[in-house]
Every structure is written in C-alpha cells, then in structure tokens.
Amino acid sequence: MAAAQPTAPLAHLRVVETGALEAVAYCGKMLADFGADVVRIEPAEGDPLRRIPPLVDIGAGLVESALGAWLNTNKRSLIAPADSDAAAAQVEALTAHADVLLDAGEPATAAARHARLRAANPRLAIVSLSWFGESGPYRDLAGSDAVVRAMAGLVKLVGPAEGPPIMVNDHQASIHAGLTAYNAAMAALHAGGSRRFEVSVLEACTVLAEFQIALRYGPPADEGRLGTNKFYPTYPLGIFPCREGWLGVTVGHLDQWAAFCDMLDLNHVRADPRFQTRFDRSRHMAELDGIIGDRLKSRTAQEWFQLALARRVPLVVVPSMAELLAQPVHRARGAFQSVSVGEARFEGPSVPLHLCATPPARNGVAPLPGEGTPPPARAAPALPLVPADRRPLAGMRILDLSMGWAGPLATRQLADLGAEIVKVEACAYPDWWRPTEGEQERIFEHSPWFIALNRNKTDAAIDIYTPEGLALVKRLAGDVDAVIENFAANVMPKLGLTYDALRVSNPSIVMMSMPAYAGDWSDLRAYGSTLEHGSGLPSVTGPADGPPVLNHLAYGDPMGGLSGCAALLTALLHKRLTGEGQQIVLSQVQAMLPLAAPWVIEQSLTGKVERLGNRHPTMVPHNVFPTADADGWIVVAVPDDPTWQALAGIIDLQRPDLATLQGRREQEDGIEAALSRWTRSRSGVEAMAALQGAGVPAGIAATPGDLYTDPHLVARGDWEVVERRWSGPQPLFASPFREEGRPYPVLSPAPTLGEHNARVLGDMLGLDAAAIADLEARGIVGDCGRPRVVKAATPPPALAVA
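Conventions used here
Residues numbered from 1 in each chain as written. Predicted model: local features only at pLDDT ≥ 70, side-chain atom pairs only at ≥ 80, totals over all residues. Heavy atoms only, no water. Helix = DSSP H or I, 4+ residues; strand = E, 2+ residues; numbered from the N terminus. Rg over C-alpha atoms; globule rule 2.2 N^0.38 Å. Contact = heavy atoms within 4.5 Å. Lys, Arg positive; Asp, Glu negative; His and termini not counted. Charge placed at Lys NZ, Arg CZ, Asp CG, Glu CD. Buried < 20%, exposed > 50% of the residue type's maximum accessible area, 1.4 Å probe, protein only. Polar contact = N/O pair within 3.5 Å; in protein donor to acceptor, adjacent residues only side chain to side chain. Pairing = 2+ DSSP bridges. Axes fitted to C-alpha atoms, helices over the stretch in contact; angles between N-to-C directions. pLDDT = per-residue confidence, 0-100. Patch = residues over 30% accessible without salt bridge, like charges linked within 9 Å, V, L, I, M, F, W, Y side chains within 5 Å. Areas by Shrake-Rupley, 256 points an atom, 1.4 Å probe, with all protein chains shown as cover. Salt bridge = Lys/Arg side-chain N within 4 Å of Asp/Glu carboxyl O. Parallel < 35°, antiparallel > 145°, perpendicular 65-115°, else oblique. Left-handed = near helix turned anticlockwise from the far one by under 90°. Nonpolar A, V, L, I, M, F, W, Y, C, P; charged D, E, K, R; others polar. Phe/Tyr/Trp six-rings, centres within 6.5 Å; stacked < 30°, edge-to-face > 60°.

1. Digging into the overall build of the chain
The secondary structure content of the chain amounts to 30 helices and 26 strands. In summary, the chain has a C-alpha radius of gyration of 26 Å against a globular reference of 28 Å for 802 residues, a match within 12%. Along the longest, intermediate and shortest principal axes, the C-alpha atoms of the chain span 80 × 65 × 45 Å. Expressed as a percentage of contacts within the chain between residues at least 6 apart in sequence, the contacts between residues at least 24 apart total 76%. Averaging the coordinates of the 70 positive side-chain charges in the chain and doing the same for the 88 negative ones gives two points 3 Å apart.

Okay, structure coming up:
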C-alpha cells in the first residue's frame, strides 16, 4: 500500500469495507485516497470487482480488472474465510478497533448484524449500502447499475423520440451512491462516530432527477422524449457536428442567445420574436436545428470554443477519451491519477475534491488479493459525541453565497445533516432559480426548484454589491466554519472576498469555490449540461454509429453538489482535528470524470475505446426493451449464466449454445428480438414482476413524474409534502441517507427572500432594530415585499455555473 501523504486529512481513520457493490468500493477509494487505512474484505471465492472490464495483464500470467484496481487504490486486502461463522468473526475482530464500517452485505439482516458490532464498539460509524435499502417492497429485488437508474427516472427521457431510450451502459449509479455514502460516513465522523446510516443506490440516483421531478410537481405527467440531446425547457441544448469534432451547446438567458447569434452571424434569427426565450425556442427546435447546425459546420469545434470563451457563451468541445486525457486544463490540475497493480500501470480519474492544503493522492497502488501491511498503530483523535437526538452536524455554520443547483444542493445536504446554512442573496439579484417574471404575487417565491433545494436554511436578503451590504457579509464570514460560492472567477476578488482576505479575521475558515473549470478555462460560462459535454461521457454513450449523447438535462449540477458537500465535510473534519482551515477549488467538470472512469482507463491502457450503446461487455442481454404500455420500456440486465437460465425459462429460449456469455454474445441480436417479443406482450409492471420473481435484474424505465407514486419510495417515506408561504404545498424528496432506518424530516421549508433578516442581522451581527430599519429604508436589506428595483448601472455579475 502506498504511504499516506503527511498532510492526508483522514490518515487517522481505520476503515473496514465489505461487499461486492461498486458503490461501497468507490466510497472506500475516496477514504483511502485521503489517507485512511481501508481494509477491503474479499470473498473466499474471489472478488467480483476483480473481473470487471477493462482487464489488464499484471504479470506472472495473471489478469486483473483495471477498473477494480482503480476502485481499490491505496487499500489493503484481506481474504474472508470460506466458513460463514469464521467470516463473521473476522469482521467482528476488525471492526472492534475501527472507526468506520462500509457494509454492502445482505440488507435484510444488516440491522441485526450491525447491532452486534456496535455493542462491541459503540463509537463505530456504519454506512450500510444496498440497491434498494433495508425496507420496502423492492428490498429483495435484484439490481444493476442500469436497472436502478431506469427506476430512478434517469433513462426514459434520453434518446430518440420514437425510442428506444439510450443509456450509458454502467458505472454511473455506483458513483452517485458512493459519493452519498462518503458524505454519510463523514457526517458520522463529525458526530464523533456512533452513528449508523443507510444508503440505497435507488434513492441516491433519485436525487439526480429532482429538477425534472420539481418541474412536474403536482399531478404526475407522462413525459416523453424530445429526441437525442434534447431536453425541456432549454433550447439550444445539445451536441452539434462541426467541420471537425463535436460542440456542446447550451444557451439559456437572452444575453447568451444574443451573443451566440452574433458569434454565428445569425442576427436575423436573434431578432425573430419567435425565439426570444428558451421556452419559445423549444417550440421551434426542428427549424432552429437546421439553421444552427448548418452554421456550426463552417468551423471546427475548437475554433467555436475559442470564440465562445471570449464571449462567455456556454459552449465547449465534446472530447473523445483520447482528447480528454490530453487536455492541458486537466493535466495542470492533476485530474488523472497514476494507478499501479502488479506490473501494470495506467491512468484513471483522481478523486475530484481539490482541497488545496490536503489534496487526495495523485498516485495509487492497488493490492493483490490478500496483500497489504497494516500501518503502525496510531492514536485516533476522538471528536465529542453529538447526542443521538441531534443531527450529526449540529453546531456547524456555513455561509452560502451560491446559487442555482450545484452549490445549493451541497448546502442542502449539509442542512439536512444538521448544519446551520445562512444563505445570502439580494432583492435586486436573487438566486437565479427564483423566477422574476409572471403574474403571481411575489413571483420569486414560486419556483419549485428553489423550494426543492433550499429547505432547512436561513435566508438574509443583503445587497452584497453595496459597501454597507458587503461589510455585513464580511462580518458574517468572520463567524462561520465555511463559505461556499460559485460566482465567476473575477467577482470575489473584486469584492474583497477571497480566501486570503477572509482568513485575516477568521484564520481557520474553509472556503470553497465551484468554478466550471479551474485554471486556464476558469472564465468559462457553463451549465450542468456543459459540464457533461466537457467530461467526455457523451462520447461513450449511445451506438457506435451515432452522435455523442447527453445522459441528463444537467448532469454536472447534482454531481458538483454531491462532490462539493464531500469536499467541505473533508476539509471541515481536518479543521476540527487540527484547527487548520483551507481553500477548496472544486472544478465541477472534474467532478464528472469519475463517471467516465472505465473508458478513461480503457483509453489509457489500449489507446482506444469500444462504444457498445445500451449493450454491456459482460452482460448479455443488457438493453432497454419495449412493453405493452404507451411508450413503455423496461431495462433487463443478465449478469451471469445462472441468471440467463432463469430468463431463458421465462421466454422459452433454453438452448445449449446460449448457456455461456460467449454463446449469447454471438446470438445477441436474436436474444434481444425474442426478449422484446416477450416484454411487448405485457405491461411493464407484469414484466418486471415476472423477471424479478425469477431473480433477473429488471426495472421499469420511469419518468421523473412517476416517482411521486412509486410504491417503494412511498413505503419508505421518501416524500414529504411541505407547506410554504406564498407557494403552498409541494412534495419534497427525502435525503438519500437515513439514520436508523428513518429519513430525516424537513425542519423548515425553503425560506422566502429575506425571511430571516432579523435573525441574521440582529442575533448574529448584533444590529438593533433602528439600524436594521435604516438598512431597509436604503434598500441594502429587505424582504422584497415592495416592487423590485434593479439599477441599470450595476448589472449582476456573470456567474460561473448557471
């Protein structure tokens, strides 16, 4: 095992990891790459993670999974005894002196299993991971990465309008759930240990569908696909061929549309009243596709990118894996980690949490089975226990200057876990997810997206662009644990709110900035879709003869939010143990790179990437199949030969030549045709029940709106209807982690603009009523009950990620 860096923030931790889910391995990787001593217990019959493609020759005639090695960097390996009682005793012995247990074992028995371990070690923090959780009607179903994403509403809306939906074939849900599990583990450590969290992969994935869920809150709608690389409600949003290469385009606001049209010399299109808003343009996609597509073919993607960078238009080259690995903007950041296993060497994405003082490892050695020497014994500092009736981050205060999706999702997770989040916006320049045009009273209080992302927070409306307002924010920053912001790169320096400036009055402060890119492209304007464009993931999604395919309306936003939460929790734990603050520069495009890990690794190893569409290198069949429902689809994944025999019995395709993976690969077209005939003759519910009843991983491809009535999510209490002033009731999705089997209830709805001015200005800053009234009279603070006034001379600054 590679020696931990001297500044590794988690070098004091002892972690035990068990179970075959990739999610548990990715969570363990993050802990190990930050210095923790992670022991992975591998089954006596062999670890399935060592058989995942791409495979690599490690010497001595041995072949290992390169992806498995990447997941296991800087860990130790122990082999479990074949006897189940002896294996349980091994876990008990290891966890008796451990700080964290990551357990992806059988969910039905997890609670009882963990109770015994906690009796021996009351301070043990436990994160229990499974496909569907420890309760509910889906608990015992067979899962796979693609099946669970389909059930979470992340597949059906992607691809051609006529179908079938398109999905990246694997390794997405595992990263979502691994990040979620990491955040739960870190929260437990902040509480002094003695906490048990449950994380289901399905619920972790559902967080990524929240934008479209909120878009349809109220009676569920039957959404449809608009076409490959098309998502409501934004146009243009897509991937266009250029003279050379592919260009990712997302244009939202009117100023961006104007700059985009000017760049393409399409001023007559800009002036057309039919195309003034993203909603207007969405109604004319086909016409605009022809106009824009023709013009973009006149230059290379790289030439358009350089023009867009100067004009701050959200465009980026969609790189292949080879191009991604070569990009200097990533090389300069250490975005790729050198991985060693046996005699093999290759590259994979680094853990993307760029803590400037205590970064994760940039080199990783993966153990062979049973390999690894325990580090010297070390005293693990113990933080005070947070009482069990309080949430684990109670007592933590964060100043939230972020807007949109990514930053507010990071702070919502912290708020759900008990941190006090002080959100600052202004009447003139509110969070951009507050609508500013419409007929409803206080229209800015009626955004379902803002409501979904900002529960459990405190809100003060302070105009940061006035000297008095800026002074108030600086005083707030003097008494918080951390600050989070996602402004454009030049805004915070102009305001005097840099990390170096803030730590003068608050030496141990942690400050996180969330640019789309860091380094040479830090001025790039981007949306969540732009981040997926730049990650290269579209280049490996979809059929080999098709264009690159976006997997999500705005994939980069929730991935940035989950990663931002993880980065803050890591830096804040280091602060609590050492008193040292630090700066975090979280490149949100880099936060997307772990999702492309298998293909980055394959490119690094072989110099090429095989694009399989919905098919899978080790699962046949693996695809999206039609059902008898209107636009109904079901994902089926067959991971091994016994599962195939179960499926073959259902669809009456029991033939000796199909008994092996190789045999099925040679007949894949015929198998898919036979399975399609079977699924098309029954509803999705009937097909899923029959397949799952035989142990075959299968899941209905749901729309986000379907999730409101999903029987499993309802049974597990994942929806809470919250009443809010001005906007009324709205169902909110629960936190993707739960303690002792229960989701956290919502403590307060998303705040109205300036709702807590008195608390922030009076209780936190000590202003009296007269001083607050004077600030209100001068428009420096307020609750925006009067008409909004925006001064033309002080336009809002461009923000890094919309």
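2. Quick look at the side chain of Asn454
As for its placement among the helices and strands, Asn454 is situated in the loop between α17 (448-453) and β17 (458-461). The exposure class assigned to Asn454 is buried, which follows from its relative accessible area of 0%. A distance of 3.0 Å separates a polar atom in the side chain of Asn454 from a polar atom in the side chain of Lys457.

3. Considerations on the sheet that holds β17
Strand pairing in a sheet relies on backbone hydrogen bonds. The paired strands run either parallel or antiparallel. With respect to topology, six strands assemble into an open sheet ordered β17-β16-β15-β18-β19-β20, the strand pairing being parallel. Since the sheet does not close on itself, it has two edges, and those belong to β17 and β20 (582-585), each with one partner. Within this sheet the neighbouring strands show an average axis-to-axis angle of 20 degrees, counted without direction. Summarising the sheet, strand β15 (residues 397-400) and strand β16 (residues 420-425) pair through four bridges and their orientation is parallel. By the bridge assignment for β16, Asp400 is matched with Lys423. In the packing of helix α22 (residues 556-578) onto the sheet, contacts are made with β15, β18 (482-485), β19 (510-513) and β20, and the angle to β19 comes to roughly 160 degrees.

4. Things to note about unusual backbone geometry
With an omega of 0 degrees, the peptide bond between Pro53 and Pro54 qualifies as cis. Mapped onto the elements, Pro54 comes out in the loop between β2 (37-42) and β3 (55-59). With an omega of -5 degrees, the peptide bond between Gly163 and Pro164 qualifies as cis. Within the fold, Pro164 resides in the loop between α5 (145-151) and α6 (173-190).

5. Points about the confidence of the model for the chain
Of the residues in the chain, 95% reach a pLDDT of 70 or more, and the chain-wide mean stands at 93. Across residues 1-6, confidence stays below pLDDT 50; counting only partners more than four residues off in sequence or on other chains, it has eleven contacts. Predicted confidence is poor over residues 786-802, with pLDDT under 50, and the contacts of this stretch with residues over four places away or in other chains come to 50 contacts.

6. A few points about a nonpolar patch on the surface
A surface patch of nonpolar side chains, amounting to about 280 Å² of accessible area, comprises Leu226, Tyr232 and Phe279. In this structure Tyr232 comes out as partly exposed when scored by relative accessible area, which is 40%.

7. Description of the sheet that holds strand β26 (residues 737-739)
Pairing is mixed in the open sheet, where seven strands are placed in the order β5-β2-β1-β6-β7-β8-β26. Looking at strand neighbours, the two that pair on one side only are β5 (76-79) and β26, the edges of this open sheet. On average, adjacent strands in this sheet sit at an angle of 20 degrees to one another, irrespective of strand direction. Here β2 runs beside β5; their pairing, made up of four bridges, is parallel. When the sheet's bridge partners are listed, Ile41 is paired in β5 with Leu78.

8. Some remarks on the packing of helix α9 (residues 254-263) against helix α13 (residues 301-311)
Helix-helix packing is characterised by the crossing angle of the two axes and by the distance between the axes. Running from amino to carboxyl end, α9 crosses α13 at an angle of 140 degrees, the nearest separation of the two axes being 11 Å. As the angle between them shows, α9 and α13 are arranged oblique. Read as a crossing pair, α9 and α13 show a hand that is right-handed. For the pair α9 and α13, the contacting residues are Ala259, Asp262 and Met263 in the first and Trp304, Leu307, Ala308 and Arg311 in the second. Each residue belonging to the contact of α9 with α13 can be placed in one class, and the counts come to five nonpolar, no polar and two charged.

9. What about the packing of aromatic side chains?
All told, the structure shown has 15 aromatic pairs when counted by the stated rule. Here Tyr232 and Phe279 contribute two aromatic rings whose centre-to-centre distance is 6.2 Å and whose plane-to-plane angle is 55 degrees, an arrangement assigned as tilted. Highlighted residues: Tyr232 in the loop between α8 (210-215) and β9 (237-241) and Phe279 in helix α11 (residues 278-282), separated in sequence by 47 residues. Under the relative-accessibility criterion, Phe279 is labelled partly exposed at 38%. When the centroid spacing of 5.2 Å and the interplanar angle of 65 degrees are considered together, the rings of Trp719 and Phe733 count as edge-to-face. Of the two residues, Trp719 is situated in strand β24 (residues 719-724) and Phe733 in strand β25 (residues 728-733); the sequence distance between them amounts to 14 residues.

10. Focus: the environment of Ala96
On the secondary structure map, Ala96 appears in the loop between α3 (84-95) and β6 (100-103). Through-space distance from the C-alpha of Ala96 to that of Leu117 is 7.3 Å; in sequence the pair is 21 residues apart.

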